[in-house]
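# Structure at a glance
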Amino acid sequence: MNYLNDLFTLLPEIVLVVLVLVVITADLFLPRADKWMLTPLTVFGLILAGIACVLVWGVNDTVFSGFYRVDDLSVFLKMVTVGVGILSALFVPSYLRIRRLPLGEFNAMLLFSLIGMCVLCSSSDLITLFVGLELMVMPGYLLTGFAKTDRYSNEGGLKYFLLGSFASAILLFGVSWTYGVTGTTRIDAIGQALSGSSLNPAMLVAVAMLMVGATFKVAAVPFHYWTPDAYQGAPTPITGYLSVGPKLGAFALLIRVFAEALGPVRADWLVVMAILAVLTMTGGNIVALVQTNVKRMLAYSAIAHSGYILAGLAAFAAAGSVAVQRESIESILFYLAGYALMNIAAFSVVGMLQRDTSRFGGLRSFAGLGARSPGRAAAMAILLLSLTGIPPTVGFFAKWYVLLATVDAGLAWLAVLIVLNAALAAFYYLRVIVYMYMREPEDDPAPIDASAFGTVALALSVIGVILLGVYPGAILDVLRASAGSLF
Amino acid sequence: MGLSAYLIVSTLLFAIGAFGFMARRNGILMLICIELMLNGVNLSLVAFNAYQPAPAVNGAIFALMIMAVAAAEATVGLALVIAIIRTRQTAEVDQYRDLKE
């Protein structure tokens with residue numbers, strides 16, 4: 001066994017771990033006036049991690065006695081993870097500085113969470129999967145409660161923590177019984193043990209527990225109660241991270257556990273997954289309609305987006321051929337990448353309007369933004385159009401690929417419901433655009449936070465949203481290779 | 001005593017923890033209930049491991065990992081509870097109602 005080779009495949013994770021240590025040490029020694037340098041340092045390190053991801057692309061190897069797998073699927077998800085990290089590291093600092101919150105701790109927590117996501121994406125054993133999951137969500141709890149003298153932040157953090165840990169315990173119970181029935185914790189071995197027979201009662205309990213625990217983490221209705229509170233309570237740009245990062249990890253978990261380990265028995269969980277998808281997108285959209293607080297509205301819209309991605313997973317389960325299965329996994333991956341680009345930025349624009357800390361990002365603070373800050377208003381408009389799913393933005397193709405997958409898998413009714421939901425969602429997204437361009441500003445408009453880092457990140461996100469919307473073919477080959485590593 | 005005895009105890013532990021989590025309204029007690037659920041899971045993992053036909057260690061290793069993670073989880077949870085007690089002077093989660101529709 002060649003351990004040096006094993007270590008090489010871990011290059012992105014190693015870079016991230018070294019980066020965390022460097023950031024923590026630098027935070028100790030930098031004088032207060034120079035703390036801002038932590039942001040470029042973090043972004044530089046993350047770019048290195050991205051390069052490391054490119055280096056391990058195509059390795060497709062199982063390392064460390066089968067506990068860890070570096071395949072194209074995991075490397076693709078790691079690249080998205082690194083991108084999420086770069087955007088978050090750029091968006092958050094000015095929001096923290098205004099509120100006198102520590103930047104070094106934020107960067108360290110963010111990076112720990114990213115490492116957890118990388119481990120989760122790459123795990124080929126339930127033990128690694130669990131450790132990665134917890135490493136991802138625990139910094140998330142702390143980031144939610146990051147403004148520790150703020151009542152809302154505290155409350156959101158504690159609610160997120162209690163319900164998140166409860167869900168982890170349920171997931172673990174399912175994992176334990178899966179181990180009991182199949183006698184292994186290796187993901188591919190579980191698939192082999194389950195193939196060719198129907199589920200016995202014990203395994204049925206295990207699958208139900210796994211389903212509840214995992215869909216809790218992606219905020220699927222009816223397990224979504226923690227989401228709006230946690231997302232509203234957390235510092236706004238951090239909410240952007242929370243709505244994308246841990247969700248990306250949770251979907252990696254769903255792909256690993258349900259598509260890979262429970263793939264052979266997918267007929268047994270298809271119906272539940274499809275129903276959850278419908279409940280999630282419809283429930284999220286309907287409640288979002290009546291929100292006047294844009295932050296809470298975006299929280300519910302994040303729930304609805306989980307529903308669309310779950311529909312992709314349902315398409316995987318219903319697919320009659322390997323080609324359609326691949327297509328549905330590709331659609332999930334594309335949706336995750338597009339969603340990461342648009343959602344962090346959308347939350348961060350809300351954060352930019354909270355320059356005055358006594359304001360709470362209501363719909364009215366967007367009134368007249370088109371005249372007051374044309375660049376930010378245009379960026380927000382593009383992001384909202386993308387969230388709605390209007391071409392030429394990445395959001396359109398994300399929904400389009402999921403639709404194609406559901407139709408090809410024979411779930412036409414699900415496709416119809418997706419379209420109806422997208423139309424429903426247009427109402428509340430476009431309402432913000434109406435406020436920005438067709439309403440007069442308030443008498444005392446909210447000041448806008450125009451930090452350089454935030455502006456750069458916003459520009460990057462919008463460029464990404466449009467580029468992938470005009471030419472989605474750019475990453476299709478990458479997606480094909482990634483989805484291919486599952487089959 | 002067979003495997004089923006261990007499984008009954010472990011499931012009971014898990015169920016008591018889950019019931020306590022939903023019935024209790026004190027943040028710290030809810031945290032303790034989560035620990036109880038995790039201990040139920042640990043017991044079942046170790047039991048499953050001991051009754052594997054071939055010599056196995058994965059279940060026992062998993063239980064050790066869960067213990068380590070549970071310790072970290074308790075730390076994070078207590079930190080959040082302390083932070084919220086400082087701003088609200090209570091650990092009763094019923095009183096935390098600032099975030100709502």
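Residues numbered from 1 in each chain as written. Chains lettered and ligands numbered in written order. Predicted model: local features only at pLDDT ≥ 70, side-chain atom pairs only at ≥ 80, totals over all residues.

## Notes on the confidence of the model for chain B
Using the following cut-off: Per-residue confidence from the prediction method is given by pLDDT, with values spanning 0 to 100.
This prediction gives chain B a mean pLDDT of 92; 99% of its residues lie at or above 70. At the level of chain-chain contacts, confidence expressed as ipTM amounts to 0.96, with global pTM at 0.95.

## Focus on the environment of Ala481 of chain A
All names here are of chain A. Which entries qualify depends on this criterion: The helix and strand labels rest on DSSP assignments: H or I over at least four residues marks a helix, E over at least two residues marks a strand, and numbering proceeds from the N terminus. Exposure classification rests on a simple neighbour count of other C-beta atoms within 10 Å of a residue's own: a residue reaching 20 or more is buried, one at 12 or fewer is exposed, and one in between is partly exposed. C-beta atoms are placed from the backbone.
Mapped onto the elements, Ala481 comes out in helix α20 (residues 476-484). By the C-beta count within 10 Å, which is 18 here, Ala481 ends up partly exposed. In this structure, the C-alpha to C-alpha distance between Ala481 and Asp72, residues 409 residues apart in sequence, is 6.3 Å.

## A look at the interface of chain A and chain B
Let me state the cut-off plainly: For the purpose of contact definition, each residue receives a C-beta atom placed from its backbone, and two residues are in contact when these atoms lie within 7 Å. Gly is put with the polar residues, along with every residue not named as nonpolar or charged; the nonpolar set is Ala, Val, Leu, Ile, Met, Phe, Trp, Tyr, Cys and Pro, and the charged set is Asp, Glu, Lys and Arg.
Taken together, the contact between chain A and chain B spans 32 residues of the former and 32 residues of the latter. At 17 residues, helix α7 (residues 151-182) of chain A tops the list of elements feeding residues into the side of chain A that touches chain B. Looking at the side of chain A that touches chain B residue by residue, the classes come out as 15 nonpolar, 12 polar and five charged.

## Some remarks on the packing of helix α13 (residues 294-318) of chain A against helix α18 (residues 412-438) of chain A
All names here are of chain A. Basically, it comes down to this: Comment: axis = line fitted to C-alpha atoms, over the contacting stretch for helices; angle = value between 0 and 180 degrees taken between N-to-C directions. Geometric relationships in this document are graded by angle, where less than 35 degrees denotes roughly parallel, more than 145 denotes roughly antiparallel, 65 to 115 denotes roughly perpendicular, and other angles denote oblique. Here is the rule for handedness: rotate from the far helix to the near one, and if that takes an anticlockwise turn smaller than a right angle the crossing is left-handed, while a clockwise turn gives right-handed.
One way to put it is that α13 packs onto α18 with a least axis distance of 11 Å and a crossing angle of 165 degrees. By the angle between their axes, α13 is roughly antiparallel relative to α18. In this structure, α13 crosses over α18, and the sense of that crossing is left-handed. Residue-level contacts link Val294, Met297, Ser301, Ala304, Tyr308, Ala311 and Ala314 of α13 to Leu414, Ile418, Asn421, Ala425, Tyr428 and Val432 of α18.

## As for the nonpolar core
Residues and elements named next belong to chain A. Convention followed: Note on terminology: a nonpolar core is any set of buried Ala, Val, Leu, Ile, Met, Phe, Trp, Tyr and Cys residues joined through C-beta atoms within 7 Å.
If you look at the biggest cluster of nonpolar residues, it comprises 223 residues, and the most contacted ones within it are Ala314, Leu336 and Leu383. Per element, the largest residue contribution to this core is 19 residues, and it comes from helix α14 (residues 322-352). Sequence-distant contacts of Ala314, that is, excluding residues within four places in its chain, are made with Leu270, Met273, Ala274, Ala277, Leu411 and Leu414.

## Some points on helix α9 (residues 201-217) of chain A
Residues and elements named next belong to chain A. In plain terms, the rule: By this rule, a helix spans an expected 1.5 Å times one less than how many residues it contains.
For α9, spanning 17 residues, the distance from its first C-alpha to its last is 25 Å, which sits close to the expected 24 Å at 1.5 Å a residue. Listing the buried residues of α9 in full gives Met203, Ala206, Val207, Met209, Leu210, Met211, Gly213, Ala214, Thr215, Phe216 and Lys217. Close packing links the buried residues of α9 with α7, α11 (236-261) and α12 (266-289). Positive backbone phi, at 65 degrees, marks Ala219, one or two positions downstream of α9.

## Thoughts on the environment of Ala250 of chain A
All names here are of chain A. Tracing the chain through its elements places Ala250 in helix α11. Residues Ala250 and Phe216, 34 residues apart in the sequence, show an inter-C-alpha distance of 9.1 Å. Apart from residues lying up to four places away in sequence, Ala250 is in contact with Ala214, Lys217 and Val218.

## Observations regarding the packing of α12 of chain A against α18 of chain A
Residue and element names in this part refer to chain A. Relative to each other, α12 and α18 sit at 15 degrees, their axes nearing to 9 Å. It follows that α12 is roughly parallel to α18 by the angle criterion. The way α12 lies across α18 gives a crossing that is left-handed. Contacts between α12 and α18 involve Ala274, Ala277, Val278, Met281, Thr282, Asn285, Ala288 and Leu289 from the former and Leu414, Leu417, Ile418, Asn421, Leu424, Ala425, Phe427 and Tyr428 from the latter. For the contact of α12 with α18, the class distribution of residues is 13 nonpolar, three polar and no charged.

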